[in-house]
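Descriptive analysis of the structure
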Amino acid sequence: GLAIRVIGEVTKDKLEILRRCAAEPFSAAQLAASMNLNSGTVSRNVYGLYKLGYLETRGDGERVNYITRPDALERLFRWVLEYVSEQK
């Protein structure tokens, strides 16, 4: 239900994108090249994480770079912790 919609499918690639973009801004093309992944797959993952609010954009001339939003991840995991801790 809600947890799946909030988190989406958590994959190793998505976590790696968030890790790399926390260290420095990356474009989708740079991520694909550095992770040795298909650029379409990376673009879909980046766009999904952006739509969910876990990445924000930083313009760099013609290229769009992405940077991780730790505050959004913190809110997500606080919500998950509350959700799993609820007494039924």
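Structure shown above.
Residues numbered from 1 in each chain as written. Predicted model: local features only at pLDDT ≥ 70, side-chain atom pairs only at ≥ 80, totals over all residues. Heavy atoms only, no water.

Some remarks on the overall build of the protein
Along the protein, the regular secondary structure elements total five helices and two strands. Going from N to C terminus, the protein has its helices and strands arranged as α-α-α-α-β-β-α. Looking at the 88 residues of the protein, the share that counts as buried comes to 27%. Summing over all exposed atoms, the protein offers an accessible surface of approximately 6,100 Å²; the carbon and sulfur share of this is 53%. (Helix = DSSP H or I, 4+ residues; strand = E, 2+ residues; numbered from the N terminus. Buried < 20%, exposed > 50% of the residue type's maximum accessible area, 1.4 Å probe, protein only. Areas by Shrake-Rupley, 256 points an atom, 1.4 Å probe, with all protein chains shown as cover.)

Regarding the pattern of salt bridges
Tallied over the full model, the rule gives six salt bridges. A salt bridge links Arg69 to Asp71; the shortest N-O distance between them is 3.0 Å. Note on Arg69: relative accessible area 24%, which makes it partly exposed. Classification of Asp71 as partly exposed rests on a relative accessible area of 36%. Its salt-bridge partner being Glu74, residue Arg78 comes within 3.3 Å of it at the nearest N-O pair. With Arg78 and Glu74 both in helix H5 (residues 70–85) and four residues apart, the pair spans about one turn of that helix. (Salt bridge = Lys/Arg side-chain N within 4 Å of Asp/Glu carboxyl O.)

Interpretation in functional terms is not warranted from these geometric data alone.
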